[in-house]
Amino acid sequence: KARRCHVIPPPRTFPGRRWVMTALRSVHLVGVGGCGGAFLYDGPRDIWMPFLALTVVSGLVMVLLEIWSSRYWIIELRGIAIVAKVLLLSLAGLSEGISAAVFIAAIVISGIFAHAPAAVRYFSVYHRRRTH
């Protein structure tokens, strides 16, 4: 029986997408930096809460843009890493003793996948190959 090769369409884009994503990542990093006060130093909630909102909103917009660009994002290692980070950070609220370690782990995951080769970032666990 011949195996059919699944054709993966190229990602959708729009003019200025790279700059929009760069701006969103920058805003996200400012938010993450502010959240460090909560995770690392037990800072007062009223100080770090606006940074958390900035982090969540910018992160959500980036995820939605990625999913709009390619429905395969969620099954690529880069999408799976984001889902893993969100789940990991959700665990931080369950135990005060692990919050700093979880925050640092999320930053490490971000750094690894932000700078990993495209063959790693765009690898689809479903297709068992790079999607684009």
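Here the structure is a predicted model, which is why all the values come from computation and not from measurement.

Asks: Can you lay out the environment of Ala 38 for me, pointing to particular residues and giving the numbers?
Replies: Looking at where Ala 38 falls in the secondary structure, it is placed in helix 1 (residues 17-41). With 32 residues separating them in the primary sequence, Ala 38 and His 6 have C-alpha atoms 45 Å apart.

Asks: Mind laying out the packing of aromatic side chains, listing which residues take part and the relevant values?
Replies: Taken as a whole and judged by the stated rule, the model has 2 aromatic pairs. Consider the rings of Phe 14 and Trp 68, whose centres lie 6.0 Å apart with planes at 55°: the pair is tilted. Here the residue Phe 14 occupies a position in the segment before helix 1, and Trp 68 occupies one in helix 2 (residues 45-69), the gap between them amounting to 54 residues. Overall, Phe 14 belongs to the partly exposed group, its relative accessible area being 27%. Taking the relative accessible area as the measure of exposure, Trp 68 reaches 34% and is therefore partly exposed. When the centroid spacing of 4.9 Å and the interplanar angle of 10° are considered together, the rings of Phe 39 and Phe 103 count as stacked.

Asks: Any chance you could break down the pattern of salt bridges for me, citing the residues and the numbers?
Replies: It is possible for side chains bearing opposite charge to pair when their charged atoms get close. For the structure shown, the criterion picks out 3 salt bridges. We note a salt bridge from Arg 78 to Glu 76, for which the minimum N-O separation is 2.5 Å. The two residues Arg 78 and Glu 76 agree in class, both being buried. Via salt bridges that share partners, Arg 17, Glu 66, Glu 76 and Arg 78 belong to a single interconnected network.

Asks: Could you give an account of the layout of surface pockets, with specific residues and numbers?
Replies: Volume-wise, the largest pocket comes out at about 1,700 Å³. Residue assignment for the lining of the largest pocket shows that the elements contributing at least two residues are helix 1, helix 2, helix 3 (77-92) and helix 4 (99-115). Of the residues assigned to the lining of the largest pocket, the class counts are 26 nonpolar, 15 polar and 9 charged. Roughly 200 Å³ of internal volume is contained in the second largest pocket. Contributing to the lining of the second largest pocket are Thr 13, Arg 17, Arg 18, Met 21, Thr 22 and Arg 25.

Rules of the game
- Residues numbered from 1 in each chain as written.
- Predicted model: local features only at pLDDT ≥ 70, side-chain atom pairs only at ≥ 80, totals over all residues.
- Heavy atoms only, no water.
- Helix = DSSP H or I, 4+ residues; strand = E, 2+ residues; numbered from the N terminus.
- Phe/Tyr/Trp six-rings, centres within 6.5 Å; stacked < 30°, edge-to-face > 60°.
- Buried < 20%, exposed > 50% of the residue type's maximum accessible area, 1.4 Å probe, protein only.
- Salt bridge = Lys/Arg side-chain N within 4 Å of Asp/Glu carboxyl O.
- 1 Å grid on protein atoms, 1.4 Å probe; cavity = no way out; pocket = protein on both sides within 12 Å on 5 of 7 lines; lining within 4 Å.
- Points joined across faces, edges and corners; volume = space filled by probe spheres on them.
- Nonpolar A, V, L, I, M, F, W, Y, C, P; charged D, E, K, R; others polar.

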